[in-house]
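Working through the structure, step by step
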Protein chains: 6
Amino acid sequence: MKLTVCRKAHFNATHRLNNPNWSEEKNRKVFGVCNNTNYHGHNYELIVKVKGEVDSETGMVMNMNHLKGLIDKYIIDRYDHKNLYVDIEDFKDLNPTAENIAIAIWRILREHIAKENELLIQLYETDRNFVEFSGEF
Amino acid sequence: MKLTVCRKAHFNATHRLNNPNWSEEKNRKVFGVCNNTNYHGHNYELIVKVKGEVDSETGMVMNMNHLKGLIDKYIIDRYDHKNLYVDIEDFKDLNPTAENIAIAIWRILREHIAKENELLIQLYETDRNFVEFSGEF
Amino acid sequence: MKLTVCRKAHFNATHRLNNPNWSEEKNRKVFGVCNNTNYHGHNYELIVKVKGEVDSETGMVMNMNHLKGLIDKYIIDRYDHKNLYVDIEDFKDLNPTAENIAIAIWRILREHIAKENELLIQLYETDRNFVEFSGEF
Amino acid sequence: MKLTVCRKAHFNATHRLNNPNWSEEKNRKVFGVCNNTNYHGHNYELIVKVKGEVDSETGMVMNMNHLKGLIDKYIIDRYDHKNLYVDIEDFKDLNPTAENIAIAIWRILREHIAKENELLIQLYETDRNFVEFSGEF
Amino acid sequence: MKLTVCRKAHFNATHRLNNPNWSEEKNRKVFGVCNNTNYHGHNYELIVKVKGEVDSETGMVMNMNHLKGLIDKYIIDRYDHKNLYVDIEDFKDLNPTAENIAIAIWRILREHIAKENELLIQLYETDRNFVEFSGEF
Amino acid sequence: MKLTVCRKAHFNATHRLNNPNWSEEKNRKVFGVCNNTNYHGHNYELIVKVKGEVDSETGMVMNMNHLKGLIDKYIIDRYDHKNLYVDIEDFKDLNPTAENIAIAIWRILREHIAKENELLIQLYETDRNFVEFSGEF
């Protein structure tokens, strides 16, 4: 039986949207206030979903505490209370849109989740704006 | 890389459920209090999801502000603070159930979303009742 | 020891704001889209708070199930899936603003709550608009 | 047109995680505090999703009140305010993890939902831990 | 300037309501399903509010991390994943109603909060049932 | 009759906590990760409460749209997508803790609310950290 286990986590971070190959004017036009020079921030809500077989001995797809531990170690401890645009190498050459943050998180966690399991990321930038990524290339 | 961007919006509207081809008695039996003559209302929560390729220059599938603008112009400005059963042509021949409202919204927005992108609608009538439509015919 | 017990309930209703002593124009100007002729509706969230002494035998101020029963009988069963402007006598001579609905609910419940206890009403018209009334005259 | 209708319900229950074939030590190691002898509990939130054709006469996939009735009768009335580990036969030989509870609910409701419709269960153990099951074997 | 700082925390616990001085029949009549012998549980949400002067050097009434630390040490670490009726000495002679749990938490934290500050406890047993206690005797 | 009307608003901003009169070491010790040099951010949720007499002609304490307009003009338009520590004059000599932001908002809005009405500010920095200020000096 295949089932999906989901774990929610939070981090508070700063970013701005900017494409260094564009003029200031174009960046302002495309990204609006999200381009503001001195940054703005969000309480990001992250949902990590892992789909796989239920183990008959534990009754679990994957231990939630283990999943929580991976998210804390590889994502929260690195992103929380940071400036994604300045402090985090993952976005050195990548505009930290919600889309790109979700893809970065997926790539990082993918290495730590059993190969036979599927991985899906939901990332809420605000209560009204969010993205979903399931590793579809 | 394919990713889904999601935007939440709200509108407050009135409706009643009624099939004009049925007797009053049958309408009452099938729709219960939702058939009440003088209407009742809801704070509808609408989630619009658009799935497509991430643009490498913007780091976005679609600009969230543009998506917000489409939802505001074609849905919220037309439905908010209205009586769906009386004021809105979309439901002239269509019972305004959550199902039919979601389908109507999908049809309207489908024309304004890039053809290569997928569109999915979630509509919450209450916190406990909601529907999902992805254009499956 | 004095403590406050709180119970949340819901009802879905329709209303419009209108002062029959005013011109159409003035009503429109003051109440905006809330004055729309064919009504609009809300999922009202009602929180009823009762403050009083904790009974040492039950460890309760008031049995939550009894409080739930009063709210259901006197408020939910009468307001839910109704048009407050048309169907409900409580608003025959009273504009059904969130303020006036909260006061009406307070007056009704006040008769069924023990005299020595205080009563406070919170009424959410939307997630972003709400009122509080504690019977202060 | 195929659409999904969703209904949310709640129950408050107690459980503990334990595999009777394992030693106390191994149970403690695998399940941590969830293995505590005297149980712990949750406010479970259950979302039941039914996907099917919209009936052109009713504008509904399935009457939400009927769906609510099924959930109440077969799940809530049996699980609410109960000890899943002790009181409920469904978990006599099954560790009541969120995964196994979701599968049990799916099996029970599957018999009462029209065969041509799909059924999906979401079960929130806490706001941060939840599972999804769509009957994939 | 006096201001209130608030911190939310969670614990998952089991309880049952029972007055050992009463007959089984009376307990059942007064407490209903909450009296069930094998317990039931909740995801308790606890809000701790501390009112006091804002320190001009820190711009804080009290460091939120210090407040979080007190709540974790004295409440969460002791109540989480426990059976309040069986495991916790605080309720040895006290029926673990939401009211009594809130009062117990207030008494415990009161000793660790600066004397000149006021303390208020909100405790949600479910989304719909909650209590508030400000130490009024 | 005195009643409280409440309006919720949102803004996304960046800040860091720092006392320029202290050493780096002391700032780090007191404010922890909130002192990080490159800032971090939040989705602030602001609730503005106005208590006053209900006008018998409008059935309102104060028009919610007018209140929304004041909040948008004087707070949201100035703080949203900004760096509170760098961009906003209100915090030129004031550490932008949740406490100080709430007090600043109260001072600003106080000038635009009718003198006979009371004003209370709730500010959520995260879902778990929030403050309340009612102008008590």
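Data block above holds the structure.
Residues numbered from 1 in each chain as written. Chains lettered and ligands numbered in written order. Predicted model: local features only at pLDDT ≥ 70, side-chain atom pairs only at ≥ 80, totals over all residues. Heavy atoms only, no water.

Attention now moves to the overall build of chain A. Along chain A, the regular secondary structure elements total 3 helices and 5 strands. Taken from N to C terminus, the helices and strands of chain A fall in the order β-α-β-α-β-α-β-β. Taken along its principal axes, the extent of the C-alpha atoms in chain A is 60 × 30 × 25 Å. Out of the 137 residues belonging to chain A, those deemed buried represent 59%. In chain A, of all internal contacts separated by at least 6 residues, the share reaching a separation of at least 24 is 68%. For chain A, the accessible area works out to roughly 5900 Å², and carbon and sulfur atoms hold 45% of it. Distance between charge centres in chain A, computed from 18 positive and 21 negative side chains, equals 2 Å. (Helix = DSSP H or I, 4+ residues; strand = E, 2+ residues; numbered from the N terminus. Buried < 20%, exposed > 50% of the residue type's maximum accessible area, 1.4 Å probe, protein only. Contact = heavy atoms within 4.5 Å. Areas by Shrake-Rupley, 256 points an atom, 1.4 Å probe, with all protein chains shown as cover. Lys, Arg positive; Asp, Glu negative; His and termini not counted. Charge placed at Lys NZ, Arg CZ, Asp CG, Glu CD.)

Between chain F and chain A, the contact holds 19 residues from the first and 19 residues from the second. Both faces considered, chain F and chain A share a buried interface measuring about 1500 Å² in area, 47% of it formed by carbon and sulfur atoms. Inspection of the region where chain F meets chain A yields 0 salt bridges. Connecting chain F to chain A are 18 residue pairs in polar contact (both at pLDDT 80 or more). When contributions to the side of chain F that touches chain A are tallied by element, the ones reaching two or more residues are strand S1 (2-15), strand S2 (40-53) and strand S3 (82-83) of chain F. Within the side of chain F that touches chain A, the residues separate by chemical class into 5 nonpolar, 11 polar and 3 charged. (Buried area = accessible area lost by both parts, 1.4 Å probe. Salt bridge = Lys/Arg side-chain N within 4 Å of Asp/Glu carboxyl O. Polar contact = N/O pair within 3.5 Å; in protein donor to acceptor, adjacent residues only side chain to side chain. Nonpolar A, V, L, I, M, F, W, Y, C, P; charged D, E, K, R; others polar.)

What follows covers the pairing of strand S5 (residues 129-136) of chain E. Among the 8 residues that make up S5 of chain E, 6 are buried, leaving the element largely enclosed by the rest of the structure. Both strand S1 (residues 2-15) of chain C and S5 of chain E contribute to a ladder of 5 bridges, which runs antiparallel. Its bridge partner being in S5 of chain E, Cys 6 of chain C is matched across the sheet by Phe 130 of chain E. (Pairing = 2+ DSSP bridges.)

This paragraph deals with the relation of the copies chain F and chain A. Of the transformation placing chain F onto chain A, the axial shift is 0.0 Å and the rotation is 180 degrees, giving an RMSD of 0.0 Å. Both copies are brought into coincidence by an operation consistent with a two-fold rotation axis. Residue Gly 41 of chain F, judged by its C-alpha, is the member of chain F lying nearest the rotation axis, at 1.7 Å. (Least-squares fit on C-alpha atoms with pLDDT ≥ 70 in both.)

Let's shift gears to the packing of helix H2 (residues 64-79) of chain F against helix H3 (residues 98-110) of chain F. Residue and element names in this part refer to chain F. The interhelical angle for the contact between H2 and H3, taken along N-to-C directions, is 140 degrees, at an axis separation of 10 Å. What the angle tells us is that H2 and H3 run oblique. For the element pair H2 and H3, the recorded crossing hand is right-handed. On the side of H2, the interface is formed by Leu 70, Ile 71, Tyr 74, Ile 75, Arg 78 and Tyr 79, while H3 contributes Ile 101, Ala 104, Ile 105, Ile 108 and Leu 109. Tallied by class, the residues present in the contact of H2 with H3 amount to 10 nonpolar, no polar and 1 charged. (Axes fitted to C-alpha atoms, helices over the stretch in contact; angles between N-to-C directions. Parallel < 35°, antiparallel > 145°, perpendicular 65-115°, else oblique. Left-handed = near helix turned anticlockwise from the far one by under 90°.)

This part is about helix H2 (residues 64-79) of chain D. Look at H2 of chain D: 21 Å from first C-alpha to last across 16 residues, which is about the 22 Å you get at 1.5 Å a residue. Asp 72 of chain D marks the point of greatest bend in H2 of chain D, at about 45 degrees. For H2 of chain D, the full list of buried residues reads Met 64, Leu 67, Leu 70, Ile 71, Ile 75, Ile 76 and Tyr 79 of chain D. On its buried side, H2 of chain D packs onto strand S5 (129-136) of chain B together with strand S1 (2-15), strand S2 (40-53), strand S3 (82-83), helix H3 (84-87) and helix H4 (98-110) of chain D. Its side-chain oxygen placed 2.8 Å from the backbone nitrogen of Asn 65 of chain D, Asn 63 of chain D serves as the N-cap of H2 of chain D. His 81 of chain D, located one to two residues past H2 of chain D, shows a positive phi value of around 60 degrees. (Expected span 1.5 Å × (residues − 1). Bend = angle between axes of the 7 residues up to and from the residue.)

The final tally for this structure, using the stated rule, is 36 salt bridges over all chains. Between Lys 8 of chain F and Asp 127 of chain C there is a salt bridge, with its nearest N and O atoms 3.4 Å apart. In this pair, Lys 8 of chain F is assigned in strand S1 and Asp 127 of chain C in the loop between strand S4 (118-124) and strand S5 (129-136), connecting two distinct chains. On the basis of relative accessibility, which here comes to 45%, the residue Asp 127 of chain C falls in the partly exposed class. The salt bridge involving Lys 49 of chain E is made with Glu 132 of chain F; its shortest N-O contact spans 2.7 Å. Taken together, the positions of Lys 49 of chain E in strand S2 (residues 40-53) and Glu 132 of chain F in strand S5 (residues 129-136) put the pair across two chains. No difference in accessibility class separates Lys 49 of chain E from Glu 132 of chain F, as the two residues are buried. Linked by salt bridges that have partners in common, Lys 8 and Glu 45 of chain A together with Asp 127 of chain D make up one network.

Time to look at the packing of aromatic side chains. For the coordinates displayed, the defined rule picks out 57 aromatic pairs over all chains. On the numbers, 5.9 Å between centres and 85 degrees between planes, the contact of Phe 133 of chain A with Phe 137 of chain A is edge-to-face. Ring geometry for Trp 22 of chain F versus Phe 31 of chain F: centroids 5.7 Å apart, planes at 20 degrees, classification stacked. The residues Trp 22 of chain F and Phe 31 of chain F share a single accessibility class, namely buried. Each residue in the set Phe 11, Tyr 44, Tyr 79 and Phe 91 of chain A is aromatic and connected to the rest through ring pairs, giving one cluster. (Phe/Tyr/Trp six-rings, centres within 6.5 Å; stacked < 30°, edge-to-face > 60°.)

By the secondary structure assignment, Glu 125 of chain E is in the loop between strand S4 (118-124) and S5. Within the buried set, Glu 125 of chain E has no salt-bridge partner at all; the shortest N-O distance to an opposite charge, 8.1 Å, is to Arg 7 of chain C. Glu 125 of chain E has contacts with Asn 43 of chain D together with His 15, His 42, Asn 43, Tyr 44, Thr 97 and Ala 98 of chain E, leaving out every residue within four places of it along the chain.

A few words now on the pairing of S4 of chain E. Residue and element names in this part refer to chain E. Here 7 bridges tie S2 to S4, and the two strands are oriented antiparallel to one another. Bridge pairing links Val 50 to Leu 119 in S4. Adjacent in sequence and paired antiparallel, S4 and S5 are bridged by 4 residues.

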